[in-house]
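# Chain and residue survey
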Amino acid sequence: MNILTEKFNTPYHSAPFGDIKNEDFLPAFKELIQKSEEEINAIVDNPEAPTFENVIEALAYSGEQLDVVSNIFFNLNSAETSDEIQQIAQEVSPILTEYSSKISQNEALFNKIKKVYDEKEKYNLNEEQQMLLNETYKGFVRSGSLLNEEDKEKLKKISMDLSIKSLQFGQNVLASTNAYFKHITDKEQLAGIPEAIVEQFAEEAKERNLEGWVVTLQYPSYIPFMTYAENRELRKELALANGKKSFDGGEYDNQNLIKELLQLKQQKAELLGYKDYADYVLEERMAKSPTKVVDFLNELLIKAKPYANKEVDELKSLAKADGIEDMQSYDHTFYAEKLRKQKFDLNDEELKPYFPLNQVQYAVFGLSGKLFGLTFEERNDIPKYHEDVKVYEVKENGNYKSLLYVDYFPRKGKRAGAWMTSYKNQYKQNGENSRPHISIVCNFSKPTKDTPSLLTFQEVTTLFHEFGHALHGMMADTQYPTLSGTSVKWDFVELPSQFLENFCYEPEFLKTFAKHYKTGEVLPNEKIEKIEQSKNFMEGYQTLRQLGFGLLDMNYHTKVAELENESVKAFEDQYTKATALYPTNPETAMSPSFSHIFQGGYSAGYYSYKWAEVLDADAFQYFKENGIFNPEIAAKYKVLLSSGGTKDPMELYKAFRGSEPKVESLLKRAFG
């Protein structure tokens, strides 16, 4: 019997990582797809008249074990991959896409759904049931159910091609990232870099059986190097290597894949009756239309650009004092850190001893307790996929709420960045509230033999960000798995994550956990004040950077025809010109490693980060006005978190806040 095809005999039916072998996946997928198809056939072949219960609900609960196994497999492909897993992913992705297309284009099933949808007035549906019915019907229409047979086949092929090519895009970026490292044998080349980071570089060299030091393109290695290295030529070399990821014409080049992916998305949109892919995507977002998104981004651009220009001018003055007349993008982080130290006498290395990872984790645990009554207890009897992973049982007022997996350190088989994901959704069925299994994955500096893992302040906010997503998943309390947790409109999904980051800047909260790992000394008041003052440091620059990504994404998904006769680099330069603050380098481009939009779910949706910043600034302002731990407001916010996608997000937000979010809240926070 395949271990993956039945409910797991583990605590809380958690993933049995220790017993899963790679060769289990492909046969399990095939068997579970067959089982799920049988469940669909049972709905279609049911001789009774179609009803909400025997069609819509039955469909919402179908394929549960297949979802669980898919979550396990694709999470491993991101966090603990190997050549073998990547090969399986290439085989599995088209099979799953074909299965999904088969369901979404099952005419007999859609006819039953349409009948229930057309007769919905005769059912006494509650708000969540109405949402499920509407989303189910709309989902089928958007998947091609109203198309003729020939077009359905075309759509099916496009979906399969998109699935394979987006997977290949991500694999190329990972391989390209791992392919480069800089071996340094002369310590003088590391001048300016704090000793603790130099020690990390030495550990990396040792792992590769090399003398000296090794710097990689993984963020915990690359970012500190670019921040502190005085050797400008080496900064340039590293920046060029980073900018050439999947853009060097080699084995892992993504330029043609970008064009192929965008053409496929355009074909899909046109087939379904939309002008372009952005039009198709935004129908299902709070923003509703590409015009509204571009107007929103340009409004912020007009307000932020003067601040950004002023910030860069300050950096150029600093660089000029060092004899640099032509400041480049690879100088930015170095001089930004210099200016930050000059302005606030504050640098990451001074702060890091006050932010050991364990303390930061327990701070966010404690905050969750204060706001929502959650507690966290480590469990050593729940299987893990890597020894670095820890698992916590989360309880609310003593009752089991969720499992939480945390995976904090970089390794070869793990993609860069930080993310939250789930292994199992929350839902209610047959009187049981089946609770979720949530995971946070990051890439923080590993502990060394002498020091624990110490976080930069930016990494502290990263952990809070991902934990905000995790709370959205863990607090889920909906009837149906498809509306649970983070299953919300995409431009709403970043609200809980960005909201939680705000607490990192609050003195009364910071003092509870920012303590020196050796002495126990609380972070001094003057440093806390400087953290507050530096909160908006380079805010104009960062805003323009995000707006550049958002505008580029929107143009990629509305102007595919232009790209046919243009290079990816030329297109990128053209549509980031308005937000560019430094000269572009002909040897580098960010698009070929822009995984968010070419592999992840942010296609025509990257604006969501800024959109959600308006929401989170407005939401936190509500707490600030009434006390950041205010129990009544926390209780209202908890309703927003636990409701998932059961209500229109703007209605959900207004129920919490009492009004629509105001852009002014963000501008006030960012620029005073």
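In what follows, the accompanying structure is described. (Residues numbered from 1 in each chain as written. Predicted model: local features only at pLDDT ≥ 70, side-chain atom pairs only at ≥ 80, totals over all residues. Heavy atoms only, no water.)

A tally of regular secondary structure across the chain gives 28 helices and nine strands. Its C-alpha atoms give the chain a radius of gyration of 25 Å, within 12% of the compact-globule value 26 Å for 672 residues. Within the span of the chain, comprising 672 residues, buried residues form 58% of the whole. Once local pairs closer than 6 in sequence are excluded, the contacts in the chain between residues at least 24 apart make up 73%. Here the chain displays about 28100 Å² of accessible surface, and carbon together with sulfur accounts for 47% of that area. (Helix = DSSP H or I, 4+ residues; strand = E, 2+ residues; numbered from the N terminus. Rg over C-alpha atoms; globule rule 2.2 N^0.38 Å. Buried < 20%, exposed > 50% of the residue type's maximum accessible area, 1.4 Å probe, protein only. Contact = heavy atoms within 4.5 Å. Areas by Shrake-Rupley, 256 points an atom, 1.4 Å probe, with all protein chains shown as cover.)

Now for the sheet that holds strand β3 (residues 374-378). With mixed pairing, five strands are arranged side by side in an open sheet as β3-β4-β5-β9-β6. Both outer strands of the open sheet, β3 and β6 (419-424), are each paired with one neighbouring strand and no more. When strand polarity is set aside, the average angle formed by the axes of neighbouring strands in this sheet is 30°. Looking at chain direction, strand β5 (residues 399-407) and strand β9 (residues 437-441) are connected through five bridges and run parallel. Looking at β9, one finds that Asp407 is bridged to Val441. Strand contacts of helix α16 (residues 357-372): β3, β4 (390-396) and β5, with the helix running at about 145° to β3, the strand carrying the most contacts. (Pairing = 2+ DSSP bridges. Axes fitted to C-alpha atoms, helices over the stretch in contact; angles between N-to-C directions.)

Here His465 is to be found in helix α17 (residues 457-474). Note on His465: relative accessible area 11%, which makes it buried. Engagement of the side chain of His465 in a polar contact is seen with the side chain of Ser497, the distance being 3.4 Å. (Polar contact = N/O pair within 3.5 Å; in protein donor to acceptor, adjacent residues only side chain to side chain.)

Looking now at helix α28 (residues 663-671). Residues three or four positions apart in an α-helix share a direction because the helix packs 3.6 residues into each turn. Along α28, the residues that are buried comprise Val663, Ser665, Leu666, Leu667, Ala670 and Phe671. Note on α28: the residue one or two positions beyond its end, Gly672, has a positive phi of about 75°.

Here the structure, examined in full by the defined rule, presents 58 aromatic pairs. With centroids separated by 5.8 Å and ring planes inclined at 90°, the aromatic side chains of Phe29 and Phe73 adopt a geometry described as edge-to-face. Residue Phe29 is located in helix α1 (residues 22-45), and its partner Phe73 is located in helix α3 (residues 64-79); the two are separated by 44 residues in the primary sequence. Each of the two residues, Phe29 as well as Phe73, counts as buried. Between the NZ or CZ atom of Lys535 and the centre of the ring of Tyr505, over which it lies, the distance is 4.9 Å. (Phe/Tyr/Trp six-rings, centres within 6.5 Å; stacked < 30°, edge-to-face > 60°. Lys NZ or Arg CZ within 6 Å of the ring centre and 35° of its normal.)

A few words now on helix α6 (residues 127-142). For α6, with 16 residues, the first-to-last C-alpha span of 22 Å sits near the 22 Å given by 1.5 Å per residue. Those residues of α6 lying buried are Glu128, Gln129, Met131, Leu132, Leu133, Thr136, Tyr137, Phe140 and Arg142. Turning to α6, the residues buried within the fold contact α2 (52-60), α4 (83-104), α5 (107-118) and α12 (277-282). N-cap assignment for α6: the residue whose side-chain oxygen lies 3.1 Å from the backbone N of Glu128 is Asn126. (Expected span 1.5 Å × (residues − 1).)

Another point: the packing of α16 against α17. Between α16 and α17, whose axes approach to 11 Å, the crossing angle comes to 40°. When the axes of α16 and α17 are compared, the pair comes out oblique. Crossing of α16 over α17 shows right-handed handedness. Mapping the contact onto sequence places Leu357, Val360, Gln361, Val364, Phe365, Leu367, Ser368 and Phe372 in α16 and Val460, Leu463, Phe464, Phe467 and Leu471 in α17. Classifying every residue of the contact of α16 with α17 by side-chain character gives eleven nonpolar, two polar and no charged. (Parallel < 35°, antiparallel > 145°, perpendicular 65-115°, else oblique. Left-handed = near helix turned anticlockwise from the far one by under 90°. Nonpolar A, V, L, I, M, F, W, Y, C, P; charged D, E, K, R; others polar.)

Taken as a whole, this structure holds 48 salt bridges when the rule is applied. As a salt-bridge pair, Asp407 and Lys414 come within 3.0 Å of each other at their nearest N and O atoms. Each member of the pair Asp407 and Lys414 is classed as buried. Through salt bridges with shared partners, a single network forms among Glu80, Asp388, Asp407, Arg411 and Lys414. (Salt bridge = Lys/Arg side-chain N within 4 Å of Asp/Glu carboxyl O.)

Positive phi outside glycine occurs at Asn209, with the angle close to 60°. Mapped onto the fold, Asn209 is located in the loop between α8 (195-207) and β2 (213-216). The phi torsion at Asn397 lies on the positive side, around 50°, for a residue other than glycine. Given the relative accessible area of 64%, Asn397 is considered exposed.

Before going further, it helps to examine a negative patch on the surface. Where like charges cluster on the molecular surface, the negative patch consists of Glu521, Glu526, Glu529 and Glu532. Relative to the helices and strands, Glu526 is located in helix α20 (residues 525-533). (Patch = residues over 30% accessible without salt bridge, like charges linked within 9 Å, V, L, I, M, F, W, Y side chains within 5 Å. Lys, Arg positive; Asp, Glu negative; His and termini not counted. Charge placed at Lys NZ, Arg CZ, Asp CG, Glu CD.)

Quick look at the nonpolar core now. Residues Phe355, Leu404, Phe464, Phe467, Phe503 and Tyr556 are the most contacted members of the largest nonpolar core, which totals 140 residues. A per-element tally of this core places helix α13 (residues 290-321) first, with eleven residues. Apart from residues lying up to four places away in sequence, Phe467 is in contact with Val364, Phe365, Ser368, Phe376, Leu404, Ile440, Met474 and Leu500. Counting 58 residues, the second largest nonpolar core, distinct from the first, contains Leu26, Tyr61, Phe73 and Trp419. (Core = buried A, V, L, I, M, F, W, Y, C linked by side-chain atoms within 4.5 Å.)

In this section: the pairing of β4. Residues in a regular strand point their side chains to alternate faces of the sheet. Of all seven residues in β4, five are buried; the element is thus mostly enclosed. Bridge count between β3 and β4: five bridges; the pairing is antiparallel. The residue bridging Leu374 from the neighbouring strand is Glu396, located in β4. In textbook terms, the turn of a hairpin is the stretch between consecutive antiparallel strands, and for β4 and β5 this stretch comprises two residues, one of which, Asn397, has a positive phi near 50°.

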